[in-house]
Each structure stands twice: as C-alpha cells, then as structure tokens.
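Reading the structure
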Amino acid sequence: MFLLFFTKRPPRTAAGRHARLAPFLAALATASCSLLVDGDARQCSEDADCAAAGPSFALWRCVDGLCHAPQPDAGVPLPDGFGCLDEISMPQPGPVERTLSFLDYITNKPLTEGDVRICDAYDVDCATPLQQDLHPDAQGAITYTVDRTFSGYLELQVPDRFTTLVWITPFYNRGPQSRGRDPVPVLSEAMFEAMAGLMGVSVDPATGHVIGVAVDCGGNAAAGMTAEIDVAAGEVPYFFYVSSAGFPINAEQTDGSGRFGGFNITPGIGEAITRVSRRFVGKSALIVRAGQVTIVTVSPSPQ
C-alpha cells in the first residue's frame, strides 16, 4: 500500500482565473514564442498569475508584467530515460493490440471480475461504447485492439468498487517501444474513503478523483518529475504526490513510483501534464466523473 502526501490548494474557478488573465489568454491565441507580448495590457503581477492559466503554464514566470515560458535548467542534462523528447511524433494510423491488467489494491492479486467498455475521448458518459462486454481473464488482463491514433478510455465497473476510467493515449512514435503498462490497482469504495479520511479529506460524492503515473521514454515510472492536473471547471483542491516508500518525500516532485493525483476534483474534461528539469515531457487528456476514479499514465508526447 502507498501513502499520500497532499497539499490543500485554494479553490480556483475557471471564470475567475480567465477574467484575471484575459490579456494573457488572448495573447496565447496568436503567440508561438517564449515571451507573450501585448502592449496594451499588463499580463501579470506575480508568477501565480501566469500559473493560474492552467497546468501548461505552471512554470511560467512573471517578469516586468509579462509572462515568460520556462526554460530548461541551464547546463543540467536530462535524466536517463528522456532521450526521446526531441524525437516524438504522431503515429501513422493502423491497428495495434494492447493488453492491460487489473489488480486488487489490497491483496495485489489479479482482479478477475468486472465489465469493461472502450469509449471515445469525446464520449464523456460512454453513451456509445466502441467495444463492450470485455471481461478480465484469470490473470486480470484484457486484450483489445484500437487504432494507433486512438485517444479514449477503458471503463471498468466492478461491484463495491469505484468505477475506474483508464485513459488510453495515442501510440506515439518515440524511438524504442515502451515496455508496456503496469497493472492498474482498483480500490474498493470503503478503502478509498478510509485512505482519504486518514489524511483529513472527506470524499465528496459530487466530485471525482485522479491518480496519475509519470513515465519516461521507456514507459518506466520516473522520479524527479513535476505534475499538474487541470480541469475545465478549474478546481483541484487536493493535489498530492505518492511515496512508494510509504511516507512523504519531496513534496514538489515524484519519487520512483512516479505517482501523483488529486482528490475531490470538479467533474469535467481536463488534462495532466508532466515535466522534468523544467522541460515539458508529456500530457494526456482525461475525464473526471462524479464518484469515480480516473487513472492516467502520462508518457512523453508532442507538446
């Protein structure tokens, strides 16, 4: 079992942050350089004004009233495992077979029950599943075929457990192929609520929850990465990193588990973004549903 270290963040509404950052966001529509210039308006008074635009701008800095894009740490080489960042490209269309396994969170044994559907990214409620009536085998695995460009999610429903959405990203070209995806832990509702309660968080049934894993070019969970979660509604009140050692470590980045997440997130469409050495690594779209858990693996991707 892993323990969570989380930070309470003040509520942020989309309307509020967009109103304060209107000049900044307007400039984004036409700017492609590292400095946003709008001679008629001041974009920011502090770094937080830039970061409030969303996770894509978490590391932007306010200098003389203008928001500047983050620069990679000067003279600091990228950690091992990130050599593909300049080589990533969108895949060519074509079928690819994938296998995904599910584990019971407590026993770490294969989860062999449940119904799985495959849903398109734009089908928020999976009203029209692309595939359905899939069931984990004796090893807790399902095998499915999608297009390499497919973006969407698997919806797993198991009695007495949170419905779990597992996000699927396109099969990006990035040199050596990934070693594959780690099994997905599935929590019971009681266990999830107990975990949150131990940390002083009451699970709000009107909200959803996200658990993410930041990985490198080989698909390995990576330490030393920063992560952000953003949803259209603009509120992620409890963001956390996960310690594989069982206690809080550096609360500003991942440890070897690569895990991060958020409790009580306003339902809606959003994204998760990861960086290493202040450099963009990857992003993934995601959907947050009330009373459900979204699992997202953020691997290197085009920006």
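Below you will find a few notes about this structure. Since the model is a prediction, treat every value here as computed from it, not as a measurement.

Another point: the overall build of the protein chain. Scanning the protein chain from N- to C-terminus turns up four helices and 17 strands. Going through the 303 residues of the protein chain one by one, you find that 48% of them count as buried. Once local pairs closer than 6 in sequence are excluded, the contacts in the protein chain between residues at least 24 apart make up 68%.

Although it is not a glycine, S277 sits at a positive phi angle of roughly 50 degrees. In this fold, S277 is placed in the loop between β15 (268–276) and β16 (279–288). Exposure remark for S277: the relative accessible area of 17% places this residue in the buried category. The phi angle at R278 is positive, at roughly 65 degrees, despite the residue not being glycine. Within the fold, R278 resides in the loop between β15 and β16. Note on R278: relative accessible area 26%, which makes it partly exposed.

Let us now look at the environment of F150. Turning to its location among the elements, F150 is positioned in the loop between β7 (141–147) and β8 (152–157). Considering only alpha carbons, one finds F150 and P95, 55 residues apart in sequence, at a separation of 9.4 Å. Residues in contact with F150, not counting those within four places in the same chain, are I118, C119, D120, L130, I168, T169 and P170.

How each quantity is defined
Residues numbered from 1 in each chain as written. Predicted model: local features only at pLDDT ≥ 70, side-chain atom pairs only at ≥ 80, totals over all residues. Heavy atoms only, no water. Helix = DSSP H or I, 4+ residues; strand = E, 2+ residues; numbered from the N terminus. Buried < 20%, exposed > 50% of the residue type's maximum accessible area, 1.4 Å probe, protein only. Contact = heavy atoms within 4.5 Å.

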